Amino acid sequence: MAEQRTARFSGLGLAADEELIYLHLLGTTAGTAQQLGTALGLGIERALAALAALAVHGLVERPGTDGLLWSAAAPDVALEELLLRREVELRRTRGRINELMRTYRRSRPGSEAGELVEIISGRESVAELWRSLQLGVRTQLRVMDKPPYIRRSDPELEFSMLARGVRLKTVYESRVLREPSRLAEIYPVMEAGELARVLPELPLKLALVDDRWALLPVSSGTELESVLLVRPSSLLDALAGLFELYWSRAMRMPAPESAELPQDRHRQLLALLAAGLTDESIARQMGVSTRTVQRWVRELMDRFGARTRFQAGIQAARADLL
């Protein structure tokens, strides 16, 4: 019974048996270990072990010398005290990170530069590192998104980041606009708050986690197998500058056609042009024929005196039409 229960207070370090008994005691006056073990299907030994742990946490009151009854401590005081203790432990652990990193580096031969740049190899190791970085981001995640992908994106993880106030900025390579399955993943995240832009081509995959880490492939073609983890350094600063340069050049990611008002279709066409899409890809995005797209493109090029489609998109952006 207890094993099947999902702990509500797992963040406080309570085991499943402990949580089960505490929640039960909150709804009753008191009970003996025997009564609690029987009622909850734990047995007396497990009940006694859980009660002893709860007493250490200050969540239950031990029986008096003349009785066997256990009772719950008031949660407003008891849980607040437990939370404060956990926060102190977390701060103490965070303060030891530098010491732990020195131990970690001493066990790995290399130069001073090797302490700033680490190579992680293996598809699963790379995927798990990326997930850990996403879970650990505090204020801002900046991404240059370029195929191939380590694994399918995790929308729930991205929604969670946005919900806790993380600023998510992504520059997509225009190839994603030709992949309906990838767009189906991107658009809900945009609607949840992601700031998204697009360029015809990106030089590399890159992720910047706050101002603490950067993740990028060791070289072109190794994206799935080997990456560099860059820690605070002039290299990290340079990578952040590279992102901001491409972000400033990129065009706003066009919204899905179904979300665009009729009067905004002109703006959508300009964004798709600036992203370097073909007429066929634009037609699919906008739900019109290729001939219609070609006619619209000619009209735009004539309007801006542009010699190329991309130039028409750029000039439209400069004219604040994007």
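Residues numbered from 1 in each chain as written. Predicted model: local features only at pLDDT ≥ 70, side-chain atom pairs only at ≥ 80, totals over all residues. Heavy atoms only, no water.

**Some remarks on helix α9 (residues 180–192)**
And then number 1: For α9, spanning 13 residues, the distance from its first C-alpha to its last is 19 Å, which sits close to the expected 18 Å at 1.5 Å a residue.
And then number 2: Along α9, the residues classified as buried are R182, L183, E185, I186, Y187, V189 and M190.
And then number 3: Tucked into the core, α9 has its buried residues touching β4 (140–145), α8 (155–163), β5 (167–173), β6 (195–199) and α12 (279–286).
And then number 4: G193 sits one or two positions beyond α9 and adopts a positive phi of about 130°. (Helix = DSSP H or I, 4+ residues; strand = E, 2+ residues; numbered from the N terminus. Expected span 1.5 Å × (residues − 1). Buried < 20%, exposed > 50% of the residue type's maximum accessible area, 1.4 Å probe, protein only. Contact = heavy atoms within 4.5 Å.)

**Remarks on the pairing of β5**
Strand residues, when the strand is regular, have side chains that alternate between the two faces of the sheet.
And then number 1: Most of β5 sits inside the fold, with 6 of its 7 residues counted as buried.
And then number 2: Pairing between β4 and β5: 6 bridges, direction parallel. Within β5, the residue paired with Q140 across the bridge is R167.
And then number 3: With 5 bridges connecting them, β5 and β6 associate as parallel partners. Among the inter-strand pairings, K169 is bridged to a residue of β6, identified as L195.
And then number 4: Handedness of the crossover joining β5 and β6 through α9: right-handed. (Pairing = 2+ DSSP bridges. Right-handed = clockwise from strand over helix to strand, strands pointing away.)

**Here's the deal with α12**
And then number 1: Burial analysis of α12 places 6 of its 8 residues in the buried class, which makes it a mostly covered element.
And then number 2: Just beyond α12, the residue with positive phi is G287, at close to 70°.

**Regarding the packing of helix α1 (residues 16–26) against helix α3 (residues 44–57)**
And then number 1: In contact at an axis separation of 9 Å, α1 and α3 are set at 80° when each is read in the N-to-C sense. Taken together, the axis directions place α1 and α3 in an arrangement best described as roughly perpendicular. Between α1 and α3, the residues in contact are D17, E18, I21, Y22 and L25 and R46, A47, A50, L51, A53, L54 and H57, respectively.
And then number 2: Split by residue class, the contact of α1 with α3 holds 8 nonpolar, 1 polar and 3 charged. (Axes fitted to C-alpha atoms, helices over the stretch in contact; angles between N-to-C directions. Parallel < 35°, antiparallel > 145°, perpendicular 65-115°, else oblique. Nonpolar A, V, L, I, M, F, W, Y, C, P; charged D, E, K, R; others polar.)

**A look at the pattern of salt bridges**
And then number 1: The final tally for this structure, using the stated rule, is 9 salt bridges.
And then number 2: Linking D17 and R46 is a salt bridge whose minimum nitrogen-to-oxygen distance equals 2.9 Å. In this pair, D17 sits in helix α1 while R46 sits in helix α3, placing the two residues 29 residues apart along the sequence.
And then number 3: The buried category is assigned to D17, whose relative accessible area is 16%.
And then number 4: When its relative accessible area of 31% is taken as the criterion, R46 is described as partly exposed.
And then number 5: The residue E244 makes a salt bridge to K169 at a minimum N-O spacing of 3.7 Å. Note that E244 is positioned in helix α10 (residues 234–249) and K169 in strand β5, a separation of 75 residues in sequence.
And then number 6: Using a relative accessible area of 30% as the deciding quantity, one classes E244 as partly exposed.
And then number 7: K169 gets classed as buried once you look at its relative accessible area, which sits at 6%. (Salt bridge = Lys/Arg side-chain N within 4 Å of Asp/Glu carboxyl O.)

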